[in-house]
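# Coordinate inspection notes
These are the residues of each chain, in order.
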Amino acid sequence: MWRLRRAAVACEVCQSLVKHSSGIKGGLPLQKLHLVSRSTYHSHHPTLKLQRPQFRTSFHQFSSLTNLPLRKLKLSPIKYGYQPCRNFWPARLAARLLKLRYLILGSAVGGGYTAKKTFDQWKDMIPDLSDYKWIVPDIVWEIDEYIDLEKIRKALPNSEDLAKLAPDFDKIVESLSLLKDFFTTGHKLVSEVIGASDLLLLLGSPGETAFRATDHGSESDKHYRKVTDKEKIDQLQEELLHTQLKYQRILERLEKENKELRKLVLQKDDKGIHHRKLKKSLIDMYSEVLDVLSDYDASYNTQDHLPRVVVVGDQSAGKTSVLEMIAQARIFPRGSGEMMTRSPVKVTLSEGPHHVALFKDSSREFDLTKEEDLAALRHEIELRMRKNVKEGCTVSPETISLNVKGPGLQRMVLVDLPGVINTVTSGMAPDTKETIFSISKAYMQNPNAIILCIQDGSVDAERSIVTDLVSQMDPHGRRTIFVLTKVDLAEKNVASPSRIQQIIEGKLFPMKALGYFAVVTGKGNSSESIEAIREYEEEFFQNSKLLKTSMLKAHQVTTRNLSLAVSDCFWKMVRESVEQQADSFKATRFNLETEWKNNYPRLRELDRNELFEKAKNEILDEVISLSQVTPKHWEEILQQSLWERVSTHVIENIYLPAAQTMNSGTFNTTVDIKLKQWTDKQLPNKAVEVAWETLQEEFSRFMTEPKGKEHDDIFDKLKEAVKEESIKRHKWNDFAEDSLRVIQHNALEDRSISDKQQWDAAIYFMEETLQARLKDTENAIENMIGPDWKKRWLYWKNRTQEQFVHNETKNELEKMLKCNEEHPAYLASDEITTVRKNLESRGVEVDPSLIKDTWHQVYRRHFLKTALNHCNLCRRGFYYYQRHFVDSELECNDVVLFWRIQRMLAITANTLRQQLTNTEVRRLEKNVKEVLEDFAEDSEKKVKLLTGKRVQLAEDLKKVREIQEKLDAFIEALHQEK
């Protein structure tokens, strides 16, 4: 009977299940469930306070029945009492039907809710493309004008409609619990019910933990009571850490996918699929502003308060490695213990379709995915650093500007500074330490500069120098971010892990910071890839005790978190300070414009480059004017200059020795021999030198000649430098001497004077030459003997003792010449003795060498006067010359000599003029152009040659205008992005 009564109860329960198929909510006490089961079962349980906020991910680890709506069920009252007698087979049949029903219900529940979750999954997997609206063509945003998207959306089923398709599983759970209570003594029926529950467990329902907790409630409660509070806290912390790391990996994977998607989008746009013109990125615009500021004032004397991320640290602390991790490429030169960063390097990070790097002043792109390009980039940076460092120095304040673009890079501007040192080692300049301190202070004293303080975690904190320097520049830590590098070595070597925590929290330093971070930048192998370092960093922190013991927080570790934090801080400061800086430069511009109007009201505002271009055009015009000099002018100045150079040799070494001979034959022979020797050895070289000097003089005359009112003396130094450098580079053609030698030799061999005009020209040339020599000789004699009696009386001048002796000697020698007007050019020894004794008889002591010197000038004057008289006699001697002086005592061989010299000078001048106009002037013009091009590329040379208050004022005014324009454009773009 009791079996029949139990079967009847079971049937009535089944009827209630059929009547309330929408589901019931059971009355199982939530307190009896396990801790994890309770948190899963009830979404508002207090233990859920430890859970993390939900992240948007591409997948979730959840069951197919998560978050179903829970609804109450009113059970039909069960009447206990007598029931008609029935066989047991209905109970079996009911059990079988019940099992089949749960199979169907489980499948329906799983399938329906899986469809709902699949829809939600797909919806969550779609990336948020709101930031890329500017890439999509405008027609996409106007598509709703042609298609009613709202109508289509309303036609689609929502998640609530899909949830209604699934039965209320809470009612099923409560019914099964009642069945279990009613059939505790019926082992077979209970086994059937448990079999159904096992089937649902296989389906992964949220009631899994509830069933198990109910089936083994007593054992779980006993085990739960044995767990201590400490173990629960440890277990929760471990679960929390693993969950954080899991979501961290999920986020990184999603970011990687997002990075690839952005790369594809940018590549498509780069190929021209979207024809909308891309605007310059904000970070690139901001970097251009900083570049202009750097050119405007390299010493940072102006009030430049625009933010930069300044990376400072002790030498070999890992500054370069942190930067490379942020830039995601090994771009900097490396050396073990050696100072590699010798000048500041400004790195502008921006997003782009390809991972490339390029310098500000170069168009070459280095592909950072190729090792050969990375090596070339590192080599180029090292060369630029060594070029910036002046002789006798170790570091330089000149900045190297580098742009790095790539998908997923955080947008910011970082400045890598030379590492701070404590001791100057051998090979360094004595002032290296002070120079590094001054460079670092110049960057850090900017009130909006973000100081990224790098500290080596593997060395003692007391050895750090940079922390004191940072504390001086930012004592309140409002713009300092502290980064502890080499944490893996620190955890391995430091005996007390709490010491690392004290370093991270800033308790071991007198320095405060806005944030504290710990990073690992590799195993010390310079050949490690960025991806390998990133994996090693993640693996280390996943197993590190620093996270497990809560010494470090999850957001304080990895270079990725550091990069995000620095980027956020950077843009926050940019937005807060850029408009204030724009107003400051507006005021500066107004002041400079006012000063220019007051000082230079009639002049244009030309900066140094514009002035150089104007001077360049003037110089080129002057060189062109040089080629327009007439041939007559060239030949006149060449002939005159050449005769001034060789006249002394002709008179002293050719004419005077030949004139001492007694007959015309000997005279002509002597002249021919000496002329040939002169032509073979000296004359061609002298002629080329004269031509080159003449070209220089004419070029200098055109370059320095004032141009009247249009002349601007600001170009004088530049023109002088161009002239000197061009002349220095010019080399005369060596073949000119050989051809000139032949021409001169042929000209000097010709003795035939064809007409009277040439004869008169030769006499005139001879007279002019002899008179010039006579005047020079008389001046020499006057200087030797002192002033005559007129000057002594008029100007109150007296002779010195030496001049008195020279005067007495001159008078004695003139008496000798009066006695013998045909005296030879040299005094005999007995004549010197006679003169000496005559002077001693008058009380004048004289040296023989003084007598010879005085005789040379006295005889020279006597000879020149005699030659001039002879020249006057030869004015009418052309008739006798034609007859070869036959039947005539007049011999004018000296006139023929001067005619030969004059003709040689004319032919040489003509030859040199042809070479000048046809070759040398053009070559000089080419040299001038090359010099101007070299000067145009040498900024230091332009600063040195174009100086003055006017130039500096125009230069400052142009730079301030350019800065203000770029700042205004950047602010406008910044507002548009908001």
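Structure shown above.
All of the points below concern the structure found in this document. Note that this is a predicted model, so its numbers are computed, not measured.

Rules behind the numbers
Residues numbered from 1 in each chain as written. Predicted model: local features only at pLDDT ≥ 70, side-chain atom pairs only at ≥ 80, totals over all residues. Heavy atoms only, no water. Helix = DSSP H or I, 4+ residues; strand = E, 2+ residues; numbered from the N terminus. Buried < 20%, exposed > 50% of the residue type's maximum accessible area, 1.4 Å probe, protein only. Contact = heavy atoms within 4.5 Å. Areas by Shrake-Rupley, 256 points an atom, 1.4 Å probe, with all protein chains shown as cover. Salt bridge = Lys/Arg side-chain N within 4 Å of Asp/Glu carboxyl O. Disulfide = S-S within 2.5 Å. Core = buried A, V, L, I, M, F, W, Y, C linked by side-chain atoms within 4.5 Å. Patch = residues over 30% accessible without salt bridge, like charges linked within 9 Å, V, L, I, M, F, W, Y side chains within 5 Å. Lys, Arg positive; Asp, Glu negative; His and termini not counted. Charge placed at Lys NZ, Arg CZ, Asp CG, Glu CD. Pairing = 2+ DSSP bridges. Polar contact = N/O pair within 3.5 Å; in protein donor to acceptor, adjacent residues only side chain to side chain.

## Describing the overall build of the protein
Within the protein, the secondary structure is distributed over 36 helices and 9 strands. Counting the 978 residues in the protein, one finds 44% classified as buried. Considering only contacts in the protein between residues 6 or more positions apart, those separated by 24 or more positions represent 81%. Carbon and sulfur atoms make up 52% of the accessible area of the protein, which totals about 54500 Å².

## Some points on the pattern of salt bridges
Per the counting criterion, the structure on display carries 39 salt bridges. The partner of Arg 842 in a salt bridge is Glu 808, with the nearest N and O atoms 3.4 Å apart. Linking Arg 842 in the loop between α31 (829–841) and α32 (848–873) with Glu 808 in helix α30 (residues 801–819), this pair joins segments that are 34 residues apart in sequence. Owing to a relative accessible area of 41%, Arg 842 belongs among the partly exposed residues under this scheme. By relative accessible area, which is 16% here, Glu 808 ends up buried.

## Structural notes on the state of the cysteines
Overall, the coordinates contain 1 disulfide when judged by the stated rule. Cys 874 shares a disulfide with Cys 892; S-S distance 2.0 Å. Across the S-S bond linking Cys 874 and Cys 892, the dihedral sits near -100°, which makes this disulfide left-handed. Of this pair, Cys 874 sits in the loop between α32 and α33 (878–882) while Cys 892 sits in the loop between α33 and α34 (893–937), placing them 18 residues apart in sequence. Comparing Cys 874 with Cys 892 shows no difference in burial state: the two are buried.

## A few points about unusual backbone geometry
Not every positive phi belongs to a glycine, and Gln 328 is a case in point at roughly 65°. Along the chain, Gln 328 falls in the loop between α13 (319–327) and β2 (345–350). The phi dihedral of Thr 558 is positive, around 75°, even though this residue is not glycine. Mapped onto the elements, Thr 558 comes out in the loop between α20 (545–548) and α21 (559–599). Using a relative accessible area of 9% as the deciding quantity, one classes Thr 558 as buried.

## Focus: the nonpolar core
One broad trend across soluble globular proteins is that nonpolar side chains are buried collectively. Core analysis: the biggest nonpolar cluster contains 99 residues, and Tyr 655, Trp 678, Leu 695, Val 722, Trp 759 and Ile 901 have the highest contact counts within it. By residue number, the principal contributor to this core is α34, which donates 17 residues. Those residues in contact with Trp 678 that lie beyond four places of it in its chain are Val 646, His 649, Val 650, Ile 654, Leu 683, Ile 901 and Met 904. If you look at the next biggest cluster of nonpolar residues, it comprises 67 residues, including Met 285, Leu 290, Cys 569 and Met 573.

## A word on a negative patch on the surface
A grouping of Glu 398, Glu 930, Glu 933, Glu 937, Asp 938 and Glu 940 is seen on the molecular surface, where their side chains present a negatively charged patch. At 3 residues, the largest contribution of residues to the negative patch is made by α34. Among the secondary structure elements, Glu 933 is positioned in helix α34.

## Regarding the pairing of strand β6 (residues 412–416)
For β6, the buried fraction is high: 5 of the 5 residues fall into the buried class. Side chains of β6 alternate between two faces, with Met 412, Leu 414 and Asp 416 and Val 413 and Val 415 buried alike. Of the pairings in the sheet, the one linking strand β1 (residues 309–313) to β6 comprises 3 bridges and is parallel in character. Following the sheet pairing, Val 310 is matched in β6 by Val 415.

## Digging into the sheet that holds strand β9 (residues 515–518)
Spatially, the 9 strands line up as an open sheet ordered β4-β3-β5-β2-β6-β1-β7-β8-β9, and their pairing is mixed. If you trace the sheet from one side to the other, it starts and ends with β4 (366–367) and β9, each paired once. In this sheet, β9 lies alongside strand β8 (residues 480–485) in parallel orientation, the contact comprising 4 bridges. Residue pairing across strands places Ile 481 opposite Gly 515, the latter belonging to β9.

## Some points on the environment of Val 688
One can find Val 688 in helix α25 (residues 683–704). Distance in space between the C-alpha atoms of Val 688 and Leu 912 is 7.6 Å, their sequence separation being 224 residues. Those residues in contact with Val 688 that sit more than four places away from it in its chain are Trp 732, Ala 736, Glu 737 and Leu 740.

## Thoughts on a nonpolar patch on the surface
Residues Trp 789, Trp 793, Leu 794 and Tyr 795 make up a contiguous nonpolar surface patch of about 620 Å² in total accessible area. The topology assignment puts Tyr 795 in helix α29 (residues 789–795).

## A short note on the side chain of His 730
When you line up the elements, His 730 lands in the loop between α26 (716–729) and α27 (735–749). A polar side-chain atom of His 730 sits 2.8 Å from a polar atom in the side chain of Glu 920.

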